[in-house]
Amino acid sequence: MIDILRDLGAFAFASRLKRLSDRLKSEVSQIYEEEGIDFSDSWFLVGYMLSKYEKVTVTYMADALGISPPAISQISSVMVKKGLIRVDPGEDDKRQRILSLTPKGKKTIHALEPIWDAVTECTEDLIKETGFDILGAICAMEKGLEERNMVGRLRDRLKG
């Protein structure tokens, strides 16, 4: 079978990472569904962070996760509708939005923890099967982009 993304090599690197990410997220979501847990993998980072910190502002969470505050707000609004988290105004600054798990959210996270442990173990196994330090390589790429972003690299390359 033809695989255009694989054939494109480095040119489609980001697309291949997204495809791999989408596949892993979809398969983990299948397990959530099979276990009867109403939780979307797109909520994972918000849910996980709230499981480790009792209360977190949207801005702090966005900075810690490297996600925009509007994206955090969008995810949290869906989780509020599902009854998993609550949003309260800040004590000193009423414009702040403070996120925390509801009792239902805590129960859901508790049910997810064994799955998350298994995801970690299975992902570690999958990485070991490659024989490469993929996480180390990704960290090195992220550091390289912090030092010189893709825009700058592309501009320099296009100038000749």
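Residues numbered from 1 in each chain as written. Predicted model: local features only at pLDDT ≥ 70, side-chain atom pairs only at ≥ 80, totals over all residues. Heavy atoms only, no water.

Caption draft 1: The arrangement of helix α3 (residues 44–52) in detail. Every buried residue belonging to α3 is among V46, G47, M49 and L50, and all of these are buried. Along the axis of α3, the buried residues cluster in a sector spanning 165 degrees; they form a single face. (Buried < 20%, exposed > 50% of the residue type's maximum accessible area, 1.4 Å probe, protein only. Helix = DSSP H or I, 4+ residues; strand = E, 2+ residues; numbered from the N terminus. Arc of directions from axis to C-beta.)

Caption draft 2: Here's a closer look at the confidence of the model for the protein. Scored by pLDDT, the protein comes out at a mean of 94, with 100% of its residues at no less than 70. Here helix α1 (residues 4–7) stands out as the least confident element of the protein, with mean pLDDT 86; helix α6 (residues 103–130) is the most confident, with 97. (pLDDT = per-residue confidence, 0-100.)

Caption draft 3: The arrangement of the packing of helix α4 (residues 58–65) against helix α5 (residues 69–81) in detail. Where α4 meets α5, the axes come as close as 8 Å, and the angle between the chain directions of the two elements is 115 degrees. The orientation of α4 with respect to α5, classified from their angle, is roughly perpendicular. The two elements α4 and α5 meet at a crossing, and its hand is right-handed. Contact residues: V58, M61, A62 and L65 in α4; P69, I72 and S73 in α5. Considered class by class, the residues forming the contact of α4 with α5 number six nonpolar, one polar and no charged. (Axes fitted to C-alpha atoms, helices over the stretch in contact; angles between N-to-C directions. Parallel < 35°, antiparallel > 145°, perpendicular 65-115°, else oblique. Left-handed = near helix turned anticlockwise from the far one by under 90°. Contact = heavy atoms within 4.5 Å. Nonpolar A, V, L, I, M, F, W, Y, C, P; charged D, E, K, R; others polar.)

Caption draft 4: View of the pattern of salt bridges. Taken as a whole and judged by the stated rule, the model has eight salt bridges. In this structure, the salt-bridge partner of D3 is R6, at a minimum N-O distance of 3.8 Å. For R6, a relative accessible area of 53% gives the class exposed. Ionic pairing is found between D88 and R86, a salt bridge with its closest N-O pair at 2.7 Å. (Salt bridge = Lys/Arg side-chain N within 4 Å of Asp/Glu carboxyl O.)

Caption draft 5: Summary view of the nonpolar core. Counting residues in hydrophobic clusters, the biggest one holds 23 residues, and the most contacted among them are F39, L50, M61, M79 and L112. The biggest single contributor to this core is α6, with four residues. Here F39 is in contact with Y32, F44, M79, L84, T108, I109, L112 and W116, once residues within four sequence places are set aside. (Core = buried A, V, L, I, M, F, W, Y, C linked by side-chain atoms within 4.5 Å.)

Caption draft 6: Examining the side chain of T57 more closely. Checked against the element boundaries, T57 lands in strand β1 (residues 56–57). On the accessibility criterion, T57 (18% relative accessible area) is buried. Here the side chain of T57 touches Y60 through a polar contact of 3.0 Å, landing on its backbone nitrogen. Look past the residues within four positions of T57 in its chain and what remains in contact with it is Q96, R97 and I98. (Polar contact = N/O pair within 3.5 Å; in protein donor to acceptor, adjacent residues only side chain to side chain.)

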